[in-house]
Structures are given as C-alpha cells and as structure tokens.
Amino acid sequence: EFLCLFIDDALSWLSYTLIQSCYHEQLRHEITYEDFNVSSYEFTPSGRLFAGFDVGRKKDRSIVWLWEQLGDVFWTRLILEMPKIKYRDQRTVVYEIMRKWNVERICIDANGIGNQLAEDAEIDLGSYTAEGVEFSIVTKQDMAVRMKNIV
C-alpha cells in the first residue's frame, strides 16, 4: 500500500477487492537475469509499450517492468529481476529491451545510484524516450494519486 501503511480494508488506500481485480491467470511471473535472454524471450506486442527501471545493486535488486497498453488497460509483459548485476550489464539489458520491442518510454529511478544510468539513458535514447525520475514524498504521492484515479 502507499507509504507501506497497512490498515483495515475499509480505510486502505487500495481495497483488497481492487487489488484482486488486477490479477490474471495468464500474468507472467518475475524472471531473473540468469534466466533471461532478450533475443529468445517470446513476446509479440500489438500495443504501445512502456517501462520502468528501479535501479539497485548491493542491498536491493534492480527491476525492469514492461507494460503493454491495449485500449485502456496496461498489461504486465515482463518483470525482470537483476540482483547484484553490474551496472553496465543492467544498462545493456535495458537498452536491448527498449530497442527490440520499440518501447515508447521508460522512466528510471534517478535517486542515488540510478542517477548516472538515468542520465546516460536520456542521452543515448533521447530525453522523450528515457526520463530520470527523482523520487520524493511529493512525487510518490503524485504517482499514487494519479494511479488510483486511473483505476
């Protein structure tokens, strides 16, 4: 839940019913870096693609999340976990994903260690295609409110 404040369903930010409505039996599960090969990953998009990249390395793992927009629904198409992977290898995988599937836009965690990766992506992929996002209480609240208003 938003800000990790777990409370009664009646008072929660997102109700359990709403969360459960987002599950689908064909939802793909997380894939680890060791099991992922962009050239052999089976996925043929028919909608617009968007991605998010949460950068980590030592304490937290990096995650690339790929969504496909079909109508007004965003479907998860890939959740790639990269635990303790070198930054250059993370960048290579992200760029391969972006180029192979012509991902329209990626937002990258630009706080701390993600700052250089976000800056490089903005230069290499273009400032519209890649955007570094510095997370703060204000930006997190804005994203949470916008997401809730969508659903």
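Source: prediction; values computed, not measured.

Cut-offs applied
- Residues numbered from 1 in each chain as written.
- Predicted model: local features only at pLDDT ≥ 70, side-chain atom pairs only at ≥ 80, totals over all residues.
- Heavy atoms only, no water.
- Buried < 20%, exposed > 50% of the residue type's maximum accessible area, 1.4 Å probe, protein only.
- Helix = DSSP H or I, 4+ residues; strand = E, 2+ residues; numbered from the N terminus.
- Expected span 1.5 Å × (residues − 1).
- Contact = heavy atoms within 4.5 Å.
- Polar contact = N/O pair within 3.5 Å; in protein donor to acceptor, adjacent residues only side chain to side chain.
- Pairing = 2+ DSSP bridges.
- Axes fitted to C-alpha atoms, helices over the stretch in contact; angles between N-to-C directions.
- Left-handed = near helix turned anticlockwise from the far one by under 90°.
- Nonpolar A, V, L, I, M, F, W, Y, C, P; charged D, E, K, R; others polar.

### Thoughts on unusual backbone geometry
Turning to step 1, where the next piece is worked out: Positive phi, normally seen in glycine, also occurs at Lys84, with a value near 55 degrees.
Turning to step 2, where the next piece is worked out: Taking relative accessible area as the criterion, Lys84 reaches 62% and is therefore assigned exposed.
Turning to step 3, where the next piece is worked out: Positive phi is not limited to glycine here, since Asn102 has a value of about 50 degrees.
Turning to step 4, where the next piece is worked out: Here Asn102 is to be found in the loop between α2 (87-100) and β5 (105-109).

### Some thoughts on α2
Turning to step 1, where the next piece is worked out: Taking 1.5 Å as the rise per residue, α2 with 14 residues should run 20 Å; its terminal C-alpha atoms sit 20 Å apart, in good agreement.
Turning to step 2, where the next piece is worked out: Along α2, the residues that are buried comprise Gln90, Val93, Val94, Tyr95, Ile97 and Met98.
Turning to step 3, where the next piece is worked out: Contact partners of the buried residues in α2: β2 (48-54), β3 (62-70), β4 (73-82), β5 and α3 (114-125).
Turning to step 4, where the next piece is worked out: Following α2 by one or two positions, Asn102 adopts a phi angle in the positive range, close to 50 degrees.

### With respect to the side chain of Asp109
Turning to step 1, where the next piece is worked out: If you trace the backbone, Asp109 turns up in strand β5.
Turning to step 2, where the next piece is worked out: Looking at Asp109, its side chain comes within polar contact range of the main-chain nitrogen of Asn111, at 2.9 Å.
Turning to step 3, where the next piece is worked out: Every residue in contact with Asp109, bar those within four places of it in the chain, is listed here: Phe53, Asp54, Val55, Gly114, Asn115, Val133 and Phe135.

### Quick notes on the sheet that holds strand β6 (residues 130-133)
Turning to step 1, where the next piece is worked out: On the basis of which strands lie adjacent, the open sheet formed by six strands has the order β1-β4-β3-β2-β5-β6 and mixed pairing. Because the sheet does not close on itself, it has two edges, and the strands there are β1 (31-32) and β6.
Turning to step 2, where the next piece is worked out: Relative to the sheet, α2 contacts β2, β3, β4 and β5, its axis offset from that of β4 by approximately 155 degrees.

### Points about the packing of α2 against α3
Turning to step 1, where the next piece is worked out: One way to put it is that α2 packs onto α3 with a least axis distance of 11 Å and a crossing angle of 35 degrees. As α2 runs across α3, the sense of the crossing is right-handed. Contacts from Tyr87, Gln90, Arg91, Tyr95, Met98 and Arg99 of α2 reach α3 at Leu117, Asp120, Ala121, Asp124 and Leu125.
Turning to step 2, where the next piece is worked out: In terms of residue class, the contact of α2 with α3 is made up of six nonpolar, one polar and four charged.

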